[in-house]
Amino acid sequence: MSGEVVVWTYDLWKVYRTPHGTVSALKGVSLSVRRGEIVGIHGPSGSGKTTLLKILAGLERPDRGEVVVDGYDLNQLDDNGLAMLRNTVVSLIPQDYGLIEDLTVFENIELPLLLAKVPREERRSRVMELIDYMGLRGRERARPRQLSGGERQRVAIARALANTPSVLLADEPTANLDYENAIRVLELFKRVNKDFGTTIVIVSHDPRVLRYVERSFIIRDGVLKEVPPQEALGSSSA
Amino acid sequence: MYVGVGVVALKLVLRGRAVRYAALAGALLALFMAVSPSQAYRALIPLVLALENLAYISSVYADRSSLLSAAEGLVLSGANRRALLLFRALYSGLVRIALTLPLVIALVPVGVLPPLYMLYALGSSPLLLYVVERRV
């Protein structure tokens, strides 16, 4: 693993305004992740985990603070720049997988390549390569609703990897899975990290994730801090 | 990118309810025209047009989860805001074309479809889609 920092945030703040007042989702979050690392961010529901991922993926902008992903200063990018970033540099896998229900497995995985104007033959071979890698051969023509939770998660990971991003962000990847599928997905993240050198940030309150990450952070009431795994385990069950 | 969102919109419409509704509407219109005297067309035209509007709204409403999942999938895959606007415009336009096509085929030859109806249908569909999306 090189020491190059690929995800860097400094003093991130995010406040949501609701009819009942304001909610501070992030309060001065600073984070640094080196290339090729797998890190876990743990914390109870509503602690700011998903907000942090959305900011790292360029889906939301912070109210204050700096975010740099693979050399791109996200505050300096316009809508087109952030879209390009999501297409090629950083991929987010949301908790509900974010698959398009009326497209097949093949078409879902092909989508980022289609948007990146990759030629048809190249798209086809890349998608088939990912389908084989994810163990989805034979399911190319299935629609997401015909798949199990574990298969849907693997399709989402395949789509996220289509344009070989530097950073993969996974929001509660084991939340909707049974024990066996959860372990399988976590093993898959480990394999992706090893085979492609992808930096992976897993946000979860599942204590099983701790066995697969190199460093752990806890986030509580919008405040992030690095902790040893045993301590993160305590926070996850909160 | 824009070609990509066009491809997704087309696939969604072809696999959605609009095409099934259009096939049903076409069959009903053909049956009606086969058994009714031509004077009846003119009397029934407001009802047919009202039904077409209803079919459009119910089709996009019924397929709203598919539409929302597509928008989310496109954003995650790297579509920008302009591409999403184009996607919604294309989706609504294609659904409307699918639904008005049986009307055009059946009623234009007998001269009872108001000439400006197609223009109204295509022009109003993005707005109706927006209203449906806001309501869910």
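Because the structure is a prediction, the values reported are computed rather than measured.

What follows is about the overall build of chain B. The secondary structure content of chain B amounts to six helices and zero strands. Along chain B, helices and strands appear, N-terminal first, in the series α-α-α-α-α-α. If you line up chain B on its principal axes, its C-alpha atoms span 55 × 30 × 25 Å. In chain B, the share of contacts with a sequence separation of at least 24, taken over all contacts with a separation of at least 6, comes to 88%.

Residues and elements named next belong to chain A. A positive phi angle is found at E172, which is not glycine, with a value near 45°. By the C-beta count within 10 Å, which is 21 here, E172 ends up buried. Residue D221 is not a glycine yet carries a positive backbone phi of 50°. The topology assignment puts D221 in the loop between β9 (215–220) and β10 (223–227). Here D221 falls in the partly exposed class, since 13 other C-beta atoms lie within 10 Å of it.

Next up on the list: the interface of chain A and chain B. Every contact between the two is made by 20 residues of chain A and, on the other side, 19 residues of chain B. In terms of residue count, helix α2 (residues 79–88) of chain A provides more of the side of chain A that touches chain B than any other element does, six residues in total. Classifying every residue of the side of chain A that touches chain B gives 11 nonpolar, four polar and five charged.

This next bit is on the packing of helix α4 (residues 64–77) of chain B against helix α5 (residues 81–107) of chain B. Helices that pack against each other are described as a pair by the angle of their axes relative to one another and the distance between those axes. All names here are of chain B. Two elements in contact, α4 and α5, have axes separated by 10 Å at closest approach and are oriented at 150°. Here α4 is positioned roughly antiparallel relative to α5, judged by the angle of their axes. Two packed elements cross with a definite hand, and for α4 against α5 that hand is right-handed. Each of L67, A71, L74 and V75 in α4 lies in contact with α5, whose residues at this interface are A83, L84, F87 and Y91. In terms of residue class, the contact of α4 with α5 is built from eight nonpolar, no polar and no charged.

Residues and elements named next belong to chain A. Taken domain by domain, chain A consists of domain 1 (1–89 + 166–238) and domain 2 (100–164). A straight line from the C-alpha centre of domain 1 to that of domain 2 covers 23 Å. On the side of domain 2, 12 residues touch domain 1, which itself brings 12 residues to the contact. Contributing elements (two or more residues each) for the side of domain 1 that touches domain 2: α2 and α6 (179–196). Of the residues in the side of domain 1 that touches domain 2, the class split is seven nonpolar, four polar and one charged.

Reading the values: the criteria
- Residues numbered from 1 in each chain as written.
- Chains lettered and ligands numbered in written order.
- Predicted model: local features only at pLDDT ≥ 70, side-chain atom pairs only at ≥ 80, totals over all residues.
- Helix = DSSP H or I, 4+ residues; strand = E, 2+ residues; numbered from the N terminus.
- Contact = placed C-beta atoms within 7 Å.
- Buried ≥ 20, exposed ≤ 12 C-beta atoms within 10 Å, placed from the backbone.
- Nonpolar A, V, L, I, M, F, W, Y, C, P; charged D, E, K, R; others polar.
- Axes fitted to C-alpha atoms, helices over the stretch in contact; angles between N-to-C directions.
- Parallel < 35°, antiparallel > 145°, perpendicular 65-115°, else oblique.
- Left-handed = near helix turned anticlockwise from the far one by under 90°.
- Domains from an automatic or database assignment.

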